[in-house]
Number of protein chains: 2
Amino acid sequence: MSASTSRPSALIPLPSKEALLEAYNGLPLSALPTPALLLDRSIIRRNATRMAEIAASWDVPLRVHIKTHKTAEGTREMIQPTGKSGRVVVSTLAEAWGLLDAGLVKEGVVEDIIYGLPVSAARIPQLAELRSQVQKDNQKAQVRLLIDNESQIEALAAHDKGQAWSIMVKLDNGGGRAGLPADSPAFSNLLRLIAKTSSQVSLYGFYAHAGHSYDSRQPSEADAFLTSEVQAVIQAASIAQSIFPSASSSHLVLSVGSTPTAHAASRAPSSATLARVQQELPAHCELELHAGNYPFLDLQQLATRAMPNITGASQPSQMGDVTVSVLCSVISTYPGRGTEAGSTEAPPLGEALIDAGGIAFSKDRGPWGGFGHVVYPTELRGWQLGRPSQEHGILTLREGGPAQWEEQWTLGGAAKAREMPRMPDVGERVMIVPQHACMTLAAHPFYFIVDEQPGTTQAKPFEPRVVDIWVPWKGW
Amino acid sequence: MSASTSRPSALIPLPSKEALLEAYNGLPLSALPTPALLLDRSIIRRNATRMAEIAASWDVPLRVHIKTHKTAEGTREMIQPTGKSGRVVVSTLAEAWGLLDAGLVKEGVVEDIIYGLPVSAARIPQLAELRSQVQKDNQKAQVRLLIDNESQIEALAAHDKGQAWSIMVKLDNGGGRAGLPADSPAFSNLLRLIAKTSSQVSLYGFYAHAGHSYDSRQPSEADAFLTSEVQAVIQAASIAQSIFPSASSSHLVLSVGSTPTAHAASRAPSSATLARVQQELPAHCELELHAGNYPFLDLQQLATRAMPNITGASQPSQMGDVTVSVLCSVISTYPGRGTEAGSTEAPPLGEALIDAGGIAFSKDRGPWGGFGHVVYPTELRGWQLGRPSQEHGILTLREGGPAQWEEQWTLGGAAKAREMPRMPDVGERVMIVPQHACMTLAAHPFYFIVDEQPGTTQAKPFEPRVVDIWVPWKGW
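Residues numbered from 1 in each chain as written. Chains lettered and ligands numbered in written order. Predicted model: local features only at pLDDT ≥ 70, side-chain atom pairs only at ≥ 80, totals over all residues. Heavy atoms only, no water.

Screw-axis analysis of chain A against chain B gives a translation of 0.0 Å along the axis, an RMSD of 0.0 Å, and a rotation angle of 180 degrees. Taken together, the rotation and translation relating the two chain copies correspond to the operation of a two-fold axis. Scanning chain A for the C-alpha nearest the rotation axis identifies Lys363(A), at a separation of 2.6 Å. Interface residue correspondence from chain A to chain B reaches 100%, placing this contact among same-surface, isologous pairings. (Least-squares fit on C-alpha atoms with pLDDT ≥ 70 in both. Contact = heavy atoms within 4.5 Å.)

Residues and elements named next belong to chain B. Overall, parallel pairing links the eight strands, which are arranged 2-3-4-5-6-7-8-9 in a closed barrel. Averaged over all pairs of adjacent strands, the angle between their axes in this sheet comes to 30 degrees, without regard to strand direction. Of the strand pairs in this sheet, strand 2 (residues 62-65) and strand 9 (residues 285-291) are connected by three bridges, and their pairing is parallel. Bridge pairing in strand 9 links Arg63 to His290. The strands touched by helix 2 (residues 41-58) within the sheet are strand 2 and strand 9, with strand 9 carrying the most contacts at an inclination of about 165 degrees. (Pairing = 2+ DSSP bridges. Helix = DSSP H or I, 4+ residues; strand = E, 2+ residues; numbered from the N terminus. Axes fitted to C-alpha atoms, helices over the stretch in contact; angles between N-to-C directions.)

Across the contact, 68 residues belong to chain A and 68 residues belong to chain B. In this assembly, chain A packs against chain B so that about 5200 Å² is buried in total across both faces, 60% of it on carbon and sulfur atoms. In this structure, the connection of chain A to chain B is made through eight salt bridges. Linking Asp172(B) and Arg337(A) is a salt bridge whose minimum nitrogen-to-oxygen distance equals 3.2 Å. Mapped by element, the contributors of at least two residues to the side of chain A that touches chain B are helix 1 (17-24), strand 4 (110-118), helix 6 (150-159), strand 10 (325-335), strand 11 (350-354), helix 13 (358-361) and helix 15 (437-442) of chain A. Its residues assigned to classes, the side of chain A that touches chain B comprises 33 nonpolar, 21 polar and 14 charged. (Buried area = accessible area lost by both parts, 1.4 Å probe. Salt bridge = Lys/Arg side-chain N within 4 Å of Asp/Glu carboxyl O. Nonpolar A, V, L, I, M, F, W, Y, C, P; charged D, E, K, R; others polar.)

Turning our eyes to something else, we now look at helix 14 (residues 402-409) of chain A. Residue and element names in this part refer to chain A. For helix 14, the complete set of buried residues consists of Pro402, Trp405, Glu406, Gln408 and Trp409. All buried residues of helix 14 project into a common sector of 155 degrees when viewed along the axis, lining one side. As for helix 14, its buried residues are in contact with strand 12 (372-376). Positive backbone phi, at 60 degrees, marks Thr410, one or two positions downstream of helix 14. (Buried < 20%, exposed > 50% of the residue type's maximum accessible area, 1.4 Å probe, protein only. Arc of directions from axis to C-beta.)

So, about unusual backbone geometry. Across the junction of Thr34(A) and Pro35(A), the peptide omega takes the value -5 degrees, indicating a cis bond. In this structure, Pro35(A) sits in the loop between helix 1 and strand 1 (36-40). Residues Tyr376(B) and Pro377(B) are joined by a peptide bond in cis, for which omega reads -5 degrees. Relative to the assigned elements, Pro377(B) resides in the loop between strand 12 (372-376) and strand 13 (383-388).

Residues and elements named next belong to chain B. Take Leu349: it is sitting in the loop between strand 10 (325-335) and strand 11 (350-354). Classification of Leu349 as partly exposed rests on a relative accessible area of 27%. Spatially, the C-alpha atoms of Leu349 and Pro335 are 6.1 Å apart, while their sequence positions differ by 14 residues.

Taken as a whole, this structure holds eight aromatic pairs over all chains when the rule is applied. Centre to centre, the rings of Tyr24(B) and Phe448(B) are 5.1 Å apart; their planes meet at 85 degrees, and the pair counts as edge-to-face. Residue Tyr24(B) is found in helix 1 (residues 17-24), and its partner Phe448(B) is found in strand 16 (residues 447-450); the two are separated by 424 residues along the sequence. Residue Tyr24(B) is classed as buried on the basis of its relative accessible area, which comes to 0%. What links up through ring pairs into an aromatic cluster is the set Tyr24(A), Phe446(A) and Phe448(A). (Phe/Tyr/Trp six-rings, centres within 6.5 Å; stacked < 30°, edge-to-face > 60°.)

Okay, the pairing of strand 5 (residues 142-147) of chain B next. Residues and elements named next belong to chain B. Counted residue by residue, strand 5 has five buried out of six residues, so it is predominantly covered. Sheet topology places strand 4 (residues 110-118) next to strand 5; five bridges connect them, and they run parallel. In the sheet register, Ile114 faces strand 5, and the bridge partner there is Arg144. Remark: the strand 5/helix 6 (residues 150-159)/strand 6 (residues 165-171) crossover connection has right-handed handedness. (Right-handed = clockwise from strand over helix to strand, strands pointing away.)

Residue and element names in this part refer to chain A. Two elements in contact, helix 4 (residues 93-101) and helix 5 (residues 124-137), have axes whose closest approach is 11 Å; the angle formed by their N-to-C orientations is 20 degrees. As summarised for this structure, helix 4 and helix 5 are arranged roughly parallel, according to the angle between their axes. Considering the relative orientation of helix 4 and helix 5, their crossing is left-handed. Of helix 5, the residues touching helix 4 (which contributes Leu93, Ala96, Trp97 and Leu100) are Gln126, Leu127, Glu129, Leu130, Gln133, Val134 and Asp137. By residue class, the composition of the contact of helix 4 with helix 5 is seven nonpolar, two polar and two charged. (Parallel < 35°, antiparallel > 145°, perpendicular 65-115°, else oblique. Left-handed = near helix turned anticlockwise from the far one by under 90°.)

Take the side chain of Glu391(B) next. Looking at the element boundaries, Glu391(B) is found in the loop between strand 13 and strand 14 (393-397). Within the local environment of Glu391(B), its side chain forms a polar contact with the side chain of Lys70(A), the two groups lying 2.5 Å apart. (Polar contact = N/O pair within 3.5 Å; in protein donor to acceptor, adjacent residues only side chain to side chain.)

A separate point is the side chain of Thr34(A). Looking at the secondary structure, you find Thr34(A) in the loop between helix 1 and strand 1. One polar contact links Thr34(A) to Asp355(A), side chain to side chain, over a distance of 2.5 Å. When residues no more than four places from it in sequence are discounted, the contact partners of Thr34(A) are Leu327(A), Cys328(A), Ser329(A), Asp355(A), Arg429(A) and Arg123(B).

For the rest of this paragraph, the subject is the sheet that holds strand 6 (residues 165-171) of chain A. Backbone hydrogen bonds are what pair the strands of a sheet, in a parallel or an antiparallel way. Residues and elements named next belong to chain A. Read around the barrel, eight strands follow the order 2-3-4-5-6-7-8-9 and close on themselves; strand pairing throughout is parallel. In this sheet, neighbouring strand axes are inclined to one another by 30 degrees on average, regardless of whether the strands run parallel or antiparallel. As paired strands, strand 8 (residues 252-257) and strand 9 (residues 285-291) are joined by six bridges and run parallel to one another. Along strand 9, the bridge assignment pairs Val256 with Leu289. Its contacts with the sheet place helix 2 (residues 41-58) against strand 2 (62-65) and strand 9, and it is angled at close to 165 degrees to strand 9. Strand contacts of helix 7 (residues 185-196): strand 5 (142-147), strand 6 and strand 7 (201-209), with the helix running at about 175 degrees to strand 6, the strand carrying the most contacts.

As a further point, take the pairing of strand 7 (residues 201-209) of chain B. Regular strands show a simple pattern: their side chains alternate between the two faces of the sheet. Residue and element names in this part refer to chain B. The buried fraction of strand 7 amounts to eight of the nine residues, a majority that puts the element mostly inside the structure. Viewed along the sheet, the connection from strand 6 through helix 7 (residues 185-196) into strand 7 turns out right-handed. One ladder, built from five bridges, connects strand 7 with strand 8 (residues 252-257); its direction is parallel. Bridged to Tyr207 within strand 8 is Ser255.

All names here are of chain B. All chains considered together, the criterion is met by 48 salt bridges over all chains. The salt bridge involving Lys17 is made with Glu73; its shortest N-O contact spans 2.5 Å. Highlighted residues: Lys17 in helix 1 and Glu73 in helix 3 (residues 72-79), separated in sequence by 56 residues. A relative accessible area of 21% means that Lys17 is categorised as partly exposed. Residue Glu73 is classed as buried on the basis of its relative accessible area of 17%.

Residues and elements named next belong to chain B. Here helix 5 (residues 124-137) crosses helix 6 at 65 degrees, and the two axes come no closer than 11 Å. Crossing of helix 5 over helix 6 shows right-handed handedness. Facing Ile124, Pro125 and Ala128 of helix 5, the residues of helix 6 in contact are Ala155, Leu156 and His159.

Moving on, we come to the confidence of the model for chain A. Residue and element names in this part refer to chain A. Per-residue pLDDT for chain A averages 87, and the proportion of residues at 70 or more is 84%. Of the regions scoring below 50 in pLDDT, residues 266-270 engages in twelve contacts with residues more than four places distant in sequence or in other chains. Confidence drops under a pLDDT of 50 for residues 308-313, and excluding neighbours within four residues, the segment shows 14 contacts in the predicted structure. (pLDDT = per-residue confidence, 0-100.)

This is the structure in structure tokens:
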């Protein structure tokens, strides 16, 4: 393998942030090319601050997953409100190299990187090169690997006899993604192998991610997922301490999270759950909260009814907390076509065509239907991306009516008498919130950043101006 | 708007084909980084030749849609077997500029470009710039626009008083995508406006795309879709000739297609349908066939049971006709987890983890379930990408059993006694055919090209070597 193929993402050039800013900085949304990916930095900061406060109220460190945005700027926004050197998770090696290239390790902004896929033999040389560069940039900085299979330990042991790898064992607490159940024989066998291989691997802790918490529909469910994650890591730590006594005196980090469950943690940080957790936590164990989607949110996240509000008011996240949207142009309308929402008797209002489809949004779905919901202009709320083709899509009226739509978005009782939306006009712009921020951001070569205080944009949604452009790290 | 923003895709740099070839050319699939997008040029050529023969058997020109691959190389492969100067459709301006940059217009390979989205006012300046460059490269070359709304004609008329725009009116023959029904008042009104605006727009013909033919499940259904497309364009042409008499003596192109319906055209090129079509075709009208996905195919296309075989044998397309796949690595296994296919009594075989997920495959679905089916190694046929996360995915066993799977893939009766697949091994590679080639190709920064005669790869599927790399045009 040549030098260049040891870092495949190096062959994928990024757009120049400087050239993009020269072209677009200061332009209002009404002047941008469409489709365009929009993020509001003021909302990102508010959401990131809230999550940092949640972690602080639990008195645990926050580890930020950067897979949703894959940018240096987004990483800084997530870490800054924690007031600490950053613990991060990456989902690709391209993201890890991006952090290095952006100087975040050298600056000390990022000091601890977990590579979020269980390690594979083929990637060990790349990971070794990455770790070497990370430690060159910052002696204290760490690269840690996730493990969920004995063969991965064997591959690490076979690779070289140098510096031991810091590893976390990934737990499956019911989601059926990566990981092992803490109560499985495979888990105990893996721990025994780790104990035998201690010159080459060093157990840092356990990692549980309730990805299936995205399926939860009310706060108590997300709360239960969090409890199951905490129980899983506590059980794992107890088993570890019984299997290799050295673990009982060494530090173990127990990392739990996912955006819905971390939000759930905010509901009762001083409740019986927290007290029980702290009481049950084995000696020498440190709890850590991890999450990634929370600065952005999306329709899937809203539908979890997770509760990000730490002020004490029991308010689930609402549409005003969501910042990711796709700016599109209406390029045709078909009055009278389609079916009327909520009625088979009324004549259909019609449908409309936009210049964005499955590529600009992804084909991800969610419990509320559609591939994205129109949020601006406000008179078009109730329209959804109903049928995406590859590069264009059909706007249709959502099923139900204004009362149901606003109840889902949690816009408050006052607005519930709102009327049905009007037809879109050819040539006008619409902002559409997608189902799944991670998938939609991945479809765009760069993101336009605005920085408006929430609420000021509602009346004239396309006047905010571009204040920055973020270029994500692509590939693997 | 600055010069650079008049061509937004110019700000998105492409990977260097030369650098990629230097890194990967000649490497076997077993040495490539994963996930990797694979295309087999020998299958592309066979499929492209077959479609060119279908069009020839109808005695109509073939217009190739390049949205699936968005590359210069793919465009050449589609046009070459037609033996003519190329008529193409693009879905983005980035694709059109890519054709120019690659010299395909100057060389005369591409001579006629339809911009495949109904035109919007905001894009007219970019389209004018594009047309000007196209005509600089080749005086005979044309850029044509799709129209389905009176406001688009008004926008074209308002833009400038220079050269008239060549337009096609897009018909909706039941799919509910872009376009107008030929029998609608809106359609007749649009034609009247076109007649009044003839100094600025010149009617080239009608365009009908049965995108909903992807929902068809047997040849007769795809055949019916084709008939409905032909009927729609013939009806449209008749109405046009009644509305403005000049059309009755001028040439009108009637473009029909989509991969399943174009394949359906192969079933009975000399049948009563064809005879009827030729008899019903109004004077001065030329039928044209268009399609785009056919060089590649995918699970959704196989499920349409469209019939690409022009040899006379009534064989639907089969897995051996599909060339797009994602090369992945198995990075963990979970023996005993999950549910056994086709049985609730047998203990589950297990599940496996691969290093590719929703981003590398897209979240598109299809009638056969899963987000992709494992095709190699052959002993793993029956596994699917069952639960994709963002950057990793869980392989699960498909529902049903070998007989049903092979009937779907049309692998012939002899193989039907095959046994259930084995468990994947950690570290081994798998090739997975996705649901929807267009969406999956869009997720990759470049494609690895192999060139094996079909059948030779089955025994040692990871020995073929990279012979080329195609870099697609991204953005809008």
